[in-house]
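Single-letter residue listing:
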Amino acid sequence: MERAAILPSVNQNYLLFPSRAFSTRRHSFSSTRNFSPPSFSSIKLQHSSSSSSSVSSNVINGGISLTRCNAVLSNSSSTEVSELADVDWDNIGFGLKPTDYMYVMKCNIDGDFSKGELQRFGNIEVSPSAGVLNYGQGLFEGLKAYRKEDGNNILLFRPEENANRMRNGAERMCMPAPTVEQFVEAVKETVLANKHWVPPPGKGSLYVRPLLMGTGAVLGLAPAPEYTFIIYVSPVGNYFKEGVAPINLIVENEFHRATPGGTGGVKTIGNYAAVLKAQSIAKAKGYSDVLYLDCVYKRFLEEVSSCNIFIVKDNVISTPEIKGTILPGITRKSIIDVARTQGFQVEERNVTVDELLEADEVFCTGTAVVVSPVGSVTYKGKRVSYGEGTFGTVSKQLYTVLTSLQMGLIEDNMNWTVNLS
């Protein structure tokens with residue numbers, strides 16, 4: 001059966017070199033698994049609204065023929081077979097796999113964005129004096145798309161939250177930013193253009209990476225005169241090599257991720273380069289990642305290199321409060337809401353390293369990791385272990401509810417998911 005996919009108009013020669021070759025052979029997939037999600041009496045969820053995009057393409061001789069049109073994805077029935085890229089879905093890991101298309105939109109310093117468009121994935125050209133290269137004027141986001149059990153419908157998880165966080169970060173970094181509507185529509189178009197790279201249910205997700213960069217040339221220290229908004233995607237599996245097995249953290253009390261009044265609370269690119277040194281040292285010693293303390297008192301928890309931290313004590317869940325040095329994680333926010341619907345008491349406050357060492361459970365949250373149990377924490381040579389090599393009771397319950405929501409296995413009464421059917 002010939003299917004209509006949704007692709008906006010594509011400019012294949014705009015700001016980029018030809019994409020490197022990568023296998024895009026496709027095979028058919030249809031869901032045959034029977035999954036019965038666990039029953040959670042306190043969660044009452046319903047399906048979110050569907051969305052559409054504005055392009056169409058036809059599969060011809062294994063390739064893609066692009067045409068400009070206004071159309072929605074054509075699905076004749078919920079059991080229609082989806083086309084998937086030729087990928088070893090059981091071993092995809094967490095790394096870049098070049099896909100077909102990326103989204104590009106430009107803007108001047110006044111905030112007037114041009115109409116965005118899809119382009120073939122590939123390299124981009126920027127001036128050596130671009131603001132992002134010289135002064136680090138850049139932000140990024142991360143979100144995921146999941147394939148539902150029917151094998152065809154795709155869900156985005158809370159993309160408007162990423163849009164708002166980028167806008168907040170852009171204000172701090174003196175950058176214009178797309179509106180929430182522009183951001184969300186761009187994400188939809190990019191995901192649908194790369195639909196066959198969304199892994200089968202239970203095999204992973206399509207990681208979506210929006211970037212906002214000062215690409216205009218500037219020599220003196222000043223905001224760039226031009227900005228580029230880009231979205232690319234890659235299919236991914238588990239972030240940590242341990243998968244969903246517990247990770248081992250080391251508490252860092254010399255290097256610091258952020259300072260009061262700095263940019264630790266926004267998702268600017270420099271925040272992540274700053275943690276590479278401590279992370280590299282930790283990984284060389286066999287740890288999974290680093291947990292940072294505040295830089296003033298060196299006793300309050302802040303966050304792990306790329307995710308937020310939670311502790312559980314006597315069934316009370318605690319996490320460091322957002323106060324300018326900690327990234328307001330969207331998974332963090334979602335877990336707090338889910339936990340409260342499940343009847344847990346959740347506290348956002350200063351959490352000391354001593355409380356961490358005495359906790360019953362510890363876990364991390366983030367877009368990449370989702371929910372990751374912590375098996376051990378090492379602080380000043382003292383190692384404390386949690387659980388018995390698996391999820392703790394609380395973190396397992398929260399993980400199950402959240403991932404069931406993300407994959408459309410239970411009703412979404414929160415209106416957190418966007419259906420790209």
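Residues numbered from 1 in each chain as written. Predicted model: local features only at pLDDT ≥ 70, side-chain atom pairs only at ≥ 80, totals over all residues. Heavy atoms only, no water.

Looking at an unreviewed UniProt entry, the protein chain carries the name Branched-chain-amino-acid aminotransferase, with the source organism given as Arabidopsis suecica. Listed under Sequence similarities (unreviewed entry) in UniProt, the entry text for the protein chain is "Belongs to the class-IV pyridoxal-phosphate-dependent aminotransferase family." According to the UniProt record, the Cofactor (unreviewed entry) comment for the protein chain reads "pyridoxal 5'-phosphate". (UniProt positions renumbered as here; feature names shortened; annotations may be inferred.)

Undergrad: Could you clarify how one ought to interpret the overall build of the protein chain in this entry?
TA: Scanning the protein chain from N- to C-terminus turns up 8 helices and 22 strands. The buried share of the protein chain, reckoned over its 421 residues, is 54%. Look at the contacts in the protein chain between residues 6 or more apart in sequence, and 75% of them connect residues 24 or more apart. Surface summary for the protein chain: the accessible area is close to 18000 Å², and the carbon and sulfur share equals 49%. (Helix = DSSP H or I, 4+ residues; strand = E, 2+ residues; numbered from the N terminus. Buried < 20%, exposed > 50% of the residue type's maximum accessible area, 1.4 Å probe, protein only. Contact = heavy atoms within 4.5 Å. Areas by Shrake-Rupley, 256 points an atom, 1.4 Å probe, with all protein chains shown as cover.)

Undergrad: What exactly am I supposed to notice about the packing of helix α2 (residues 159–172) against helix α3 (residues 180–193) here?
TA: For any two helices packed against each other, one specifies the crossing angle of their axes together with the interaxial distance. The contact between α2 and α3 brings their axes to 9 Å, and the two run at 130°. As judged from the angle between their axes, α2 and α3 are oblique. Pair α2 / α3 crosses with right-handed handedness. Only Val-180, Phe-183 and Val-184 of α3 make contact with α2, whose side of the interface consists of Pro-159, Glu-160, Asn-162, Ala-163, Asn-164, Met-166 and Arg-167. Class assignment for the residues of the contact of α2 with α3 results in 6 nonpolar, 2 polar and 2 charged. (Axes fitted to C-alpha atoms, helices over the stretch in contact; angles between N-to-C directions. Parallel < 35°, antiparallel > 145°, perpendicular 65-115°, else oblique. Left-handed = near helix turned anticlockwise from the far one by under 90°. Nonpolar A, V, L, I, M, F, W, Y, C, P; charged D, E, K, R; others polar.)

Undergrad: Just checking my understanding: could you explain a nonpolar patch on the surface for this structure?
TA: Nonpolar side chains collect at one region of the surface, where Ile-124, Val-126 and Leu-133 lie side by side and expose about 230 Å² of accessible area between them. Structurally, the position occupied by Leu-133 is in helix α1 (residues 131–135). Under the relative-accessibility criterion, Leu-133 is labelled exposed at 54%. (Patch = residues over 30% accessible without salt bridge, like charges linked within 9 Å, V, L, I, M, F, W, Y side chains within 5 Å. Salt bridge = Lys/Arg side-chain N within 4 Å of Asp/Glu carboxyl O.)

Undergrad: Could you clarify how one ought to interpret the nonpolar core in this entry?
TA: The nonpolar side chains of a soluble globular protein tend to be buried, and buried together. By size, the foremost hydrophobic cluster in this structure holds 41 residues, and its most contacted members are Phe-183, Val-187, Val-191, Leu-212 and Phe-229. Listing elements by their share of this core, those giving two or more residues are β5 (82–85), β6 (101–108), β9 (143–147), β10 (154–157), α2, α3, β11 (205–214) and β12 (226–236). Counting 23 residues, the second largest nonpolar core, distinct from the first, contains Leu-291, Val-304, Leu-357 and Tyr-379. (Core = buried A, V, L, I, M, F, W, Y, C linked by side-chain atoms within 4.5 Å.)

Undergrad: Help me understand the pairing of β12 in this model?
TA: Within a regular strand, side chains alternate between the sheet's two faces. Where burial is concerned, most of β12 is hidden: 9 out of the 11 residues are buried. Direction of pairing for β6 relative to β12: antiparallel, over a ladder of 6 bridges. In the strand pairing of β12, Lys-106 is matched with Thr-228. Examined bridge by bridge, β11 and β12 share 10 bridges and lie antiparallel to one another. Looking at β12, one finds that Arg-209 is bridged to Tyr-232. (Pairing = 2+ DSSP bridges.)

Undergrad: Looking at this model, I keep getting lost on the pattern of salt bridges. Mind explaining?
TA: Between side chains of opposite charge, pairing is possible as soon as their charged atoms come close. A full pass over the atoms with the stated rule returns 11 salt bridges. Salt-bridge contacts for Arg-165 lead to Glu-141; the nearest nitrogen and oxygen are separated by 2.7 Å. In this pair, Arg-165 is assigned in helix α2 and Glu-141 in the loop between β8 (138–140) and β9, connecting sequence segments 24 residues apart. We note a salt bridge from Asp-360 to Lys-313, for which the minimum N-O separation is 3.6 Å. Taken together, the positions of Asp-360 in the loop between α7 (353–357) and β19 (361–366) and Lys-313 in strand β16 (residues 308–313) put the pair 47 residues apart, joining distant regions of the chain. Accessibility expressed as a relative area gives 37% for Lys-313, which makes it partly exposed. Bridged by salt links that share partners, the residues Arg-158, Glu-161 and Lys-333 form one connected network.

Undergrad: What am I meant to see in unusual backbone geometry here?
TA: Most peptide bonds are trans, and most residues other than glycine sit at a negative phi. With a phi close to 50°, Asp-314 is a non-glycine residue in the positive phi region. Residue placement: Asp-314 occurs in the loop between β16 and β17 (316–320). The residue Val-370 is not glycine, and still its phi comes out positive at about 65°. Structurally, Val-370 is set in strand β20 (residues 370–379).

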